[in-house]
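# Close look at the chain arrangement
The residues making up each chain are set out below.
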Amino acid sequence: MVRTDKERAREIAQNLVDLLSSYEEELIALERDAPGVGPLRRAVGMAIAEACYLISDGAPPN
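Residues numbered from 1 in each chain as written. Predicted model: local features only at pLDDT ≥ 70, side-chain atom pairs only at ≥ 80, totals over all residues. Heavy atoms only, no water.

The next thing to look at is the overall build of the protein. For the protein, the helix and strand inventory stands at 2 helices and 0 strands. Within the protein, contacts between residues separated by at least 24 positions form 62% of all contacts whose residues are at least 6 apart in sequence. Total accessible area on the protein is roughly 4,700 Å²; 58% of this is exposed by carbon and sulfur atoms. (Helix = DSSP H or I, 4+ residues; strand = E, 2+ residues; numbered from the N terminus. Contact = heavy atoms within 4.5 Å. Areas by Shrake-Rupley, 256 points an atom, 1.4 Å probe, with all protein chains shown as cover.)

Printed below as a string of C-alpha cells:
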C-alpha cells in the first residue's frame, strides 16, 4: 500500500506528539522549581499543538 504525503505527514506528526509529550510533562514538573524553563516548556507545548493540528485538520505544507 502506498501512503500519501498527507498520511505520512500525519504519521510523523503523531510520532512527534508521542515523543514531546513525555518531555513536556517533565518540563512542567521542573518548572515548579526552576521557572526559567517556562519558555522551553511553552515552545514544546506549541510544537505539540502544531503537530496535533496537522494530525486532525491540517494539510502538509507545499
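A separate point is the environment of Arg10. For Arg10, the position within the fold is in helix H1 (residues 5–33). Looking at Arg10, the relative accessible area reads 31%, which means it is partly exposed. Sequence-wise, Arg10 and Ile55 are 45 residues apart; in three dimensions their C-alpha atoms are separated by 4.9 Å. (Buried < 20%, exposed > 50% of the residue type's maximum accessible area, 1.4 Å probe, protein only.)

Here we take up the nonpolar core. Counting residues in hydrophobic clusters, the biggest one holds 9 residues: Ala9, Ala13, Val17, Leu20, Leu27, Val44, Ile48, Ala51 and Leu54. Where this core is concerned, the elements lending two or more residues are H1 and helix H2 (38–56). Take this core: its biggest share by element is 5 residues, from H1. (Core = buried A, V, L, I, M, F, W, Y, C linked by side-chain atoms within 4.5 Å.)

Where H1 contacts H2, the axes come no closer than 8 Å and their chain directions differ by 155 degrees. With respect to each other, H1 and H2 are oriented roughly antiparallel. As for the relative orientation of H1 and H2, their crossing is left-handed in sense. Partitioned by chemical class, the residues of the contact of H1 with H2 number 15 nonpolar, 5 polar and 5 charged. (Axes fitted to C-alpha atoms, helices over the stretch in contact; angles between N-to-C directions. Parallel < 35°, antiparallel > 145°, perpendicular 65-115°, else oblique. Left-handed = near helix turned anticlockwise from the far one by under 90°. Nonpolar A, V, L, I, M, F, W, Y, C, P; charged D, E, K, R; others polar.)

This part takes up the pattern of salt bridges. Inspection of the entire model under this criterion finds 2 salt bridges. Glu11 is the salt-bridge partner of Arg8, the closest N and O atoms lying 3.0 Å from each other. With Arg8 and Glu11 both in helix H1, this residue pair falls 3 residues apart, about one helical turn. Arg41 is the partner of Glu31 in a salt bridge, and the nearest nitrogen-oxygen pair spans 2.6 Å. Of the two residues, Glu31 is situated in helix H1 and Arg41 in helix H2; the sequence distance between them amounts to 10 residues. Taken individually, Glu31 and Arg41 each receive the classification buried, so the pair is uniform in this respect. (Salt bridge = Lys/Arg side-chain N within 4 Å of Asp/Glu carboxyl O.)

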